[in-house]
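Letter by letter, the chains look like this.
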Amino acid sequence: MTSARGTKVQAAVRQAELPMLHAYRLWFEHARKCDHCKRVRTAQEGCESGQGLWGAYRQAYDGGVG
């Protein structure tokens, strides 16, 4: 049973998510669902959308510089 309070807590956690972790989560969710990205060994070999999400993650990882 999920209460309204539990939903609010999950929303608060997502809002407090670090930009680097948010960017990684977006890339990871994409790579898990994308047929092309599932078949490659590195993110750089993924589809254009996956490469863009990986680039955003790398930029956030480097502190937003770039």
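Above this text is the structure in question.
Throughout, residues of each chain are indexed from 1 in the direction in which the sequence is written. Note on the predicted model: pLDDT of at least 70 is required for a residue's local features to be given, and 80 or more for side-chain atom pairs to be given and counted; whole-chain, interface and lining totals, by contrast, use all residues. For the side-chain quantities, the full set of heavy atoms in the structure was used; hydrogens and water were omitted.

Report on the nonpolar core, specifying residues and quantitative values.
Of all hydrophobic cores here, the largest spans nine residues; its members are Ala 23, Trp 27, Ala 31, Cys 34, Cys 37, Ala 43, Cys 47, Trp 54 and Tyr 57. To qualify as a helix, a DSSP run of H or I must reach at least 4 residues; to qualify as a strand, a run of E must reach at least 2; elements of each kind are numbered from the N terminus. When contributions to this core are tallied by element, the ones reaching two or more residues are helix 2 (19–33) and helix 4 (48–61). When residues in this core are grouped by element, the largest group, three residues, is from helix 2. Whether two residues touch is decided by their heavy atoms; if any such pair falls within 4.5 Å, the residues are in contact. If we skip the residues at most four places from it in the chain, Tyr 57 touches Met 20, Ala 23 and Tyr 24. In these notes, a set of buried Ala, Val, Leu, Ile, Met, Phe, Trp, Tyr and Cys residues joined through side-chain atoms within 4.5 Å is what counts as a nonpolar core. Partly exposed residues are those whose accessible area sits between 20% and 50% of the maximum for their type, while under 20% is buried and over 50% is exposed, using a 1.4 Å probe and protein chains only.

Can you explain the pattern of salt bridges? Please cite residues and give values.
In the sections that follow, a salt bridge refers to a side-chain nitrogen of Lys or Arg positioned within 4 Å of a carboxyl oxygen of Asp or Glu. Evaluation of the coordinates by the stated rule reveals three salt bridges. Here Arg 25 and Glu 17 are joined by a salt bridge, their closest N and O atoms 3.0 Å apart. Ionic pairing is found between Arg 58 and Asp 62, a salt bridge with its closest N-O pair at 4.0 Å. Taken together, the shared-partner salt bridges connect Glu 17, Arg 25 and Glu 29 into one network.

So, the side chain of His 30: which residues are in play, and what are the values?
Positionally, His 30 belongs in helix 2. If sequence neighbours within four positions are ignored, His 30 has contacts with Cys 37, Cys 47, Ser 49, Gly 50 and Leu 53.

Just give me the short version of the packing of helix 2 against helix 4, but keep the residues and values in it.
The geometry of a pair of packed helices is captured by two quantities: the angle between their axes and the separation between those axes. It is the contact of helix 2 with helix 4, at a shortest axis distance of 8 Å, that shows an interaxial angle of 160°. On the basis of the axis angle, helix 2 is roughly antiparallel to helix 4. Where helix 2 crosses over helix 4, the two elements pack in a sense that is left-handed. The segment helix 2 lies against helix 4, with Pro 19, Met 20, Ala 23, Tyr 24, Leu 26, Trp 27 and His 30 engaging Ser 49, Gly 50, Leu 53, Trp 54, Ala 56, Tyr 57, Ala 60 and Tyr 61. Here the term charged refers only to Asp, Glu, Lys and Arg, the term nonpolar to Ala, Val, Leu, Ile, Met, Phe, Trp, Tyr, Cys and Pro, and the term polar to all other amino acids, Gly among them. Taken together, the residues that form the contact of helix 2 with helix 4 break down as twelve nonpolar, three polar and no charged. Axis lines are fitted through C-alpha atoms, for helices just across the contact stretch, and the angle between N-to-C directions can take any value from 0 to 180 degrees. Under this scheme an angle from 65 to 115 degrees is roughly perpendicular, one under 35 degrees roughly parallel, and one over 145 degrees roughly antiparallel; angles in between are oblique. Crossings are assigned a handedness: left-handed for a near helix turned anticlockwise from the far helix by less than a right angle, right-handed for a clockwise turn.

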